[in-house]
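What follows is the residue order along each chain.
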Amino acid sequence: MMKFKKNVLLAPYTTFKIGGKARHFFVAKTAEDVEKALFQAREKNIPFFVLGGGSNLLVSDKGFKGLVLKIENRKLKIGNPVVYAAAGVNLPRLVRETTKRGLGGLEWAGGLPGTVGGAVRGNAGAFGGETKDSILFVDCLDEKGKRRKLSRGKCQFSYRSSIFKKKNWIVLGASFKMKQGNAKEFMNIAKDHINYRKQRNPLEFPNAGSIFKNCDLKEVPKKLHEFVKPAVKTDPFPVVPTAFLISEAGLKHFCIGKAEVSEKHPNFLINRGGASAKDVQQLIKKIKNTIKKKFSITLEEEVQFVK
Ligand SMILES: Cc1cc2nc3c(=O)[nH]c(=O)nc-3n(C[C@H](O)[C@H](O)[C@H](O)COP(=O)(O)OP(=O)(O)OC[C@H]3O[C@@H](n4cnc5c(N)ncnc54)[C@H](O)[C@@H]3O)c2cc1C
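Residues numbered from 1 in each chain as written. Predicted model: local features only at pLDDT ≥ 70, side-chain atom pairs only at ≥ 80, totals over all residues. Heavy atoms only, no water.

Novice: Is there a simple way to explain the domain arrangement of the protein chain in this structure?
Specialist: Reports often express the size of an interface as the amount of accessible area lost when the parts come together. For the protein chain, the assigned domains read domain 1 (5–71), domain 2 (76–186) and domain 3 (204–306). Computed from C-alpha atoms alone, the centre-to-centre distance between domain 1 and domain 3 is 28 Å. A combined buried area of about 1300 Å² lies between domain 1 and domain 3, and 63% of that area is made up of carbon and sulfur atoms. For the domain 1 face of the interface with domain 3, the top three residues by lost area are Phe 16, Asn 56 and Leu 58, together amounting to 50%. There are 0 salt bridges connecting domain 1 and domain 3. Here the side of domain 1 that touches domain 3 gets 3 residues from one element, more than from any other, and that element is strand S4 (residues 57–59). (Domains from an automatic or database assignment. Buried area = accessible area lost by both parts, 1.4 Å probe. Salt bridge = Lys/Arg side-chain N within 4 Å of Asp/Glu carboxyl O. Helix = DSSP H or I, 4+ residues; strand = E, 2+ residues; numbered from the N terminus.)

Here it is as structure tokens:
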């Protein structure tokens, strides 16, 4: 029988520093802990939510009336060329430990917060790279709690999505196939990305990264193509950065309560101290409505709501 903690405040477990209490809370240090805690939750009909690094979340002010299962299995096995990382391994650590050994493939993730589990589930990506690029296979639990091992081809990876996201499966760990190369070069690439983020992202305030996905150029009305052309980038396919649209809509600095559209990176909302989830949700609504009205584009949230 696993002992769940009761009424644990979730805000400190998120990079946004927002959110109420979890009715039950459990930290899983091993894959077996995850399985046992889930079994127990299912037996008692308790809804559950899996928490990684909390870097892509907006937790409701009312918290979560179920079990928050925080995965902290940090097992890391570094081989050459195959590296196995448990779901709770922090991505910055994985990038550090691989690049310094001359194992390439994850340099693009320099400065990307969160855990391996969160990155695999959301196929996190940046600077032209995506988590899926170096995945060999993923260990997971399906909706019935059955262990599965999926090769990359079976993971249904797409832009910020995967089978784990679509089916709510739990990532236990992943194998990455690395490529041997020059450690200094890999470390420098990762360092450049970290520095770029420091300059361009509002890291001085609590935030949850990009609130919205970027817009697939194919979904952007033809009449806007000339206007958005200078901003279009290929990451991983031609997209219009949502930050550009929010900025062009004149929403930089727009505030609701203590939540504000970042001036540095307008697709980031920042918590200026004491912002509520309600403030953020209203701000999200305001941005979506404005962008729809101005550009006929429907923005889609990247951040996950927990309620
Ligand atoms: C400053 C900043 C910059 C960012 N930049 C980027 C970027 O460039 N590119 C990008 O893609 N993202 C970016 N993000 C968002 C975030 O870092 C990624 O989405 C990250 O992969 C989330 O991982 P996490 O462990 O923090 O997940 P969490 O925030 O804890 O959870 C996110 C979702 O994943 C689920 N989840 C977590 N662990 C597991 C697991 N083991 N199994 C199944 N589901 C799980 C949760 O249930 C939740 O639905 C940024 C965030 C911040 C704060």
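Novice: Which parts of the structure should I look at to understand the nonpolar core?
Specialist: Across soluble globular proteins, nonpolar side chains show a tendency to be buried alongside one another. Core analysis: the largest hydrophobic core is formed by 49 residues, its most contacted members being Val 34, Leu 94, Val 116, Val 120, Phe 164 and Phe 176. Counting contributing residues per domain, this core is built from domain 1 (5–71) and domain 2 (76–186), each supplying no fewer than three. Excluding residues that lie within four positions of it along the chain, Leu 94 makes contacts with Leu 76, Val 83, Ala 85, Val 89, Leu 106, Val 116 and Phe 176. In terms of nonpolar packing, the next biggest core, distinct from the first, is built from 32 residues, Ile 18, Val 220, Leu 245 and Ile 291 among them. (Core = buried A, V, L, I, M, F, W, Y, C linked by side-chain atoms within 4.5 Å. Buried < 20%, exposed > 50% of the residue type's maximum accessible area, 1.4 Å probe, protein only. Contact = heavy atoms within 4.5 Å.)

Novice: Can you walk me through helix H5 (residues 183–200) in this structure?
Specialist: Every α-helix carries 3.6 residues per turn, so stepping three or four residues along brings you back to the same face. Between its terminal C-alpha atoms H5 stretches 26 Å, which fits the 26 Å expected from 18 residues at 1.5 Å a residue. Every buried residue of H5 is accounted for by Phe 186, Ala 190, His 193 and Arg 197. On an axial view of H5, the arc spanned by its buried residues comes to 55 degrees, and they lie on one face. For H5, exposure combined with an orientation more than 90 degrees from the buried face picks out Lys 184, Glu 185, Asp 192, Lys 198 and Gln 199. The opening residue of H5 is Asn 182, an N-cap whose side-chain oxygen sits 2.9 Å from the backbone nitrogen of Lys 184. (Expected span 1.5 Å × (residues − 1). Arc of directions from axis to C-beta. Polar contact = N/O pair within 3.5 Å; in protein donor to acceptor, adjacent residues only side chain to side chain.)

Novice: Could you clarify how one ought to interpret the UniProt feature "active site" (unreviewed entry) in the protein chain in this entry?
Specialist: Under the feature "active site" (unreviewed entry), the UniProt entry names Arg 160, Ser 210 and Glu 302. These annotated residues cover 143 residues of sequence, and their C-alpha atoms lie no more than 11.7 Å from one another, placing them together at a single site. Residue position: Ser 210 is located in strand S15 (residues 207–210). Ser 210 has contacts with Asn 56, His 265, Asn 267, Phe 268, Glu 302 and Val 303, leaving out every residue within four places of it along the chain. Here Glu 302 is to be found in the loop between helix H8 (277–295) and strand S22 (304–306). (UniProt positions renumbered as here; feature names shortened; annotations may be inferred.)

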